[in-house]
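Examination of the molecular architecture
This is what each chain is made of:
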Amino acid sequence: MFDRYLQNIYRLISNDIGIDLGTANTLVYVKGHGIVINEPSVVAVNQKTGQVVAVGVSAKAMLGRTPGHILAVRPVVDGVISDFEVTEEMMAYLLNSSQKQARKFLGPRVVVGVPSGVTNVETRAVRDVTKNTGAREVHIVEQPMAAAIGIRLPIHEPVGSMIIDIGGGTTDIAVISLGGVVQSKNIKVAGDRFNNDIISYMRSEFKILIGEKTAENIKIAIGAVIPVSPAMEAVVKGRDLVSGLPREVALTDTDVREALAPSIDILLESVREVLEITPPEIVSDIMHRGIYLVGGGALLRGLDELLREYIRIPIHIAEDPLTAVARGTGIILEHFDLFKDVLIKNEDESSPDS
Ligand code: ADP
Ligand code: MG
């Protein structure tokens, strides 16, 4: 009874927060408000003063365009925090702006999504960084679990689901049943790798140098992993590797498909590998219910169809795939008692008698 009372008071004076700390994008969900922040995970730092110059969209615009003393960095690499201080600055900045929406004054309860299979040390880093930004309680959930909750899969039931989260740095392939991750595989083949594939292809096939952002734009504009009709084309500007001068080339979806093929093969093969080690009852659930794609890479044209052909299981692209994890952290906050069993246990807080 008193508990309930306290909970209500907390609700009034603190605004609990869900965070999807992605390699490409960071999203913040504020309880009762929904997703209030959705920004690239990029921070621009002035190397002379150590000061943060920009965070999010404005920092991403600086990638590859900064003068010598300003460095635009992505502090979350391959799904784990590679730069503590910068991640902390980024989170503090984003949380501050999300906090403004609610004007509450008690440190929030925070649920943060991390990639599946991260080590204790890495989880610890996320906990520390989040605590340092003023959180009262920090809870960690594996991103594929959060995504599954976000797209309202029946995670607590004794039926297996497979979810594939194709983000910027990593792809998480996970099988979930009875509130836990039964099987998972995390590979470094995802959006960033696709961008690099396009950069390499342009260099070797067209002798032209392009930047990461240009490559990403190409991928989103004309990227397709199966033939499309009508064919798509884009004019790409870059620097000629021989003359050193600017040059334009016309690129088609076929070029991009060729560039991405080796990476896409690894992705398909990895999904097959996870299915191979998944218990047969669960595989039969997955065959029946289909596989769910989330993350920005889920939007790559034809990926669903290619996967369907390759493993012969129905594939569903989740609605609004880029926000699935953040929505999941939000649902966990809104129904905390119902979902607290899916959180990763905090090694530090478990006492011998619990
Ligand atoms: P993360 O969780 O790692 O932050 P996201 O789920 O936010 O990653 O996805 C970001 C990735 O998705 C980027 O590599 C981006 O280029 C890619 N992406 C976004 N939209 C599309 C699209 N329409 N087609 C292909 N890739 C896309
Ligand atoms: Mg993600």
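Within each chain, residue numbers correspond to sequence positions counted from 1 in written order. Written order decides the labels, with chains lettered from A and ligands numbered from 1. Totals for whole chains, interfaces and linings use all residues, but because this is a predicted model, local features are given only for residues with pLDDT of at least 70 and pairs of side-chain atoms are given and counted only at 80 or more. Remark: hydrogens and water are excluded; side-chain values derive from all non-hydrogen atoms of the structure.

As recorded in an unreviewed UniProt entry, the protein goes by the name Cell shape-determining protein MreB. UniProt positions are given in the numbering used here, feature names are shortened, and annotations may be inferred rather than shown by experiment. Per UniProt, the comment on the protein under Sequence similarities (unreviewed entry) is "Belongs to the FtsA/MreB family." UniProt annotates the protein under Function (unreviewed entry) with the comment "Forms membrane-associated dynamic filaments that are essential for cell shape determination. Acts by regulating cell wall synthesis and cell elongation, and thus cell shape. A feedback loop between cell geometry and MreB localization may maintain elongated cell shape by targeting cell wall growth to regions of negative cell wall curvature."

Turning to the sheet that holds strand β1 (residues 17–21), a few remarks are in order. Two strands pair if DSSP finds at least two bridges between them. The numbering of helices and of strands both runs from the N terminus, where a helix is a DSSP run of H or I of at least 4 residues and a strand a run of E of at least 2. What the 5 strands build is an open sheet, ordered β3-β2-β1-β9-β10; its pairing is mixed. On the outer flanks of this sheet lie β3 (34–40) and β10 (137–142), each paired with one strand and no other. The average angle at which neighbouring strand axes cross in this sheet is 20°, direction not considered. The pairing of β1 with strand β9 (residues 109–114) spans 4 bridges and is parallel. What sits directly across from I17, in β9, is V110. Relative to the sheet, helix α4 (residues 120–132) contacts β9 and β10, its axis offset from that of β10 by approximately 145°. It only takes one pair of heavy atoms within 4.5 Å for two residues to be counted as in contact. Angles run from 0 to 180 degrees between N-to-C directions of axes, and those axes are lines fitted to C-alpha atoms, restricted for helices to the stretch in contact. Contacts between helix α5 (residues 143–150) and the sheet are confined to β1, β9 and β10, with β10 contributing the most and set at about 85° to the helix.

Take the nonpolar core next. A general feature of soluble globular proteins is that nonpolar side chains tend to end up buried together. Think of a nonpolar core as a cluster: buried Ala, Val, Leu, Ile, Met, Phe, Trp, Tyr and Cys residues, connected wherever their side-chain atoms sit within 4.5 Å. Classification of residues uses two cut-offs on accessible area relative to the type maximum, computed with a 1.4 Å probe and protein chains only: under 20% is buried, over 50% is exposed, and between them is partly exposed. Formed by 47 residues in total, the largest nonpolar core has its most connected members in M162, I164, I198 and I264. With 9 residues, the top contributor of residues to this core is helix α8 (residues 253–276). Core analysis: the second largest hydrophobic core is formed by 26 residues, M145, I149, Y292 and I331 among them.

Moving on: the pattern of salt bridges. We count a salt bridge whenever a side-chain nitrogen from Lys or Arg sits within 4 Å of a carboxyl oxygen from Asp or Glu. Under the defined criterion, the tally for this structure stands at 13 salt bridges. The shortest N-O distance in the salt bridge between K185 and E273 comes to 3.1 Å. Of the two residues, K185 sits in strand β13 (residues 180–187) while E273 sits in helix α8, which places them 88 residues apart along the sequence. K185 gets classed as partly exposed once you look at its relative accessible area, which sits at 27%. Linking K340 and D337 is a salt bridge whose minimum nitrogen-to-oxygen distance equals 3.2 Å. Overall, K340 belongs to the partly exposed group, its relative accessible area being 46%.

On to the layout of surface pockets, then. Here the largest pocket defines a volume of roughly 1200 Å³. In terms of lining residues, the largest pocket is bounded by 50 residues, among which A24, N25, K60, G168 and E216 are the most central. Of all the secondary structure elements, the ones that give two or more residues to the lining of the largest pocket are β1, β2 (25–30), β3, β11 (161–166), β12 (171–177), α6 (191–206), α7 (212–222) and α11 (324–334). Split into classes, the residues belonging to the lining of the largest pocket amount to 16 nonpolar, 21 polar and 13 charged. A cavity here means a set of 1 Å grid points, computed over protein atoms only, where a 1.4 Å probe fits but cannot escape. A pocket is an open set with protein on both sides within 12 Å along at least 5 of 7 lines, and lining residues have an atom within 4 Å of a point. Grid points are joined across faces, edges and corners, and a volume is the space filled by probe spheres set on the points. In the scheme used here, Gly and all other residues not listed as nonpolar or charged are polar, with Ala, Val, Leu, Ile, Met, Phe, Trp, Tyr, Cys and Pro taken as nonpolar and Asp, Glu, Lys and Arg as charged.

Around ligand 1, a shell composed of 16 residues is seen, among which T23, A24, N25, E216 and K219 lie nearest. Distance and chemistry together define a polar contact, namely a pair of N or O atoms within 3.5 Å, with one atom able to donate a hydrogen and the other to accept it when in protein, and with adjacent residues in sequence counting only for side-chain atoms on both sides. Separating an oxygen atom of ligand 1 from a side-chain N or O atom of T23 is a distance of 2.6 Å. Contact between ligand 1 and E216: an oxygen atom at 2.5 Å from a side-chain N or O atom of the residue. Accessible surface is estimated by sampling points in the Shrake-Rupley manner with a 1.4 Å probe; for residues, cover comes only from the protein chains shown. Taken by itself ligand 1 offers 590 Å² of open surface, and the protein chains cover 88% of this. Mapping ligand 1 onto the cavity grids shows that it belongs to the largest pocket. A total of 3 residues in the shell around ligand 1 trace back to one element, the largest contributor, which is α7. Residues are classed as near a molecule or strand on a simple rule: at least one heavy atom within 4 Å of it. To decide whether a molecule occupies a pocket or cavity, check its atoms: if more than half lie within 2 Å of the grid points, it is inside.

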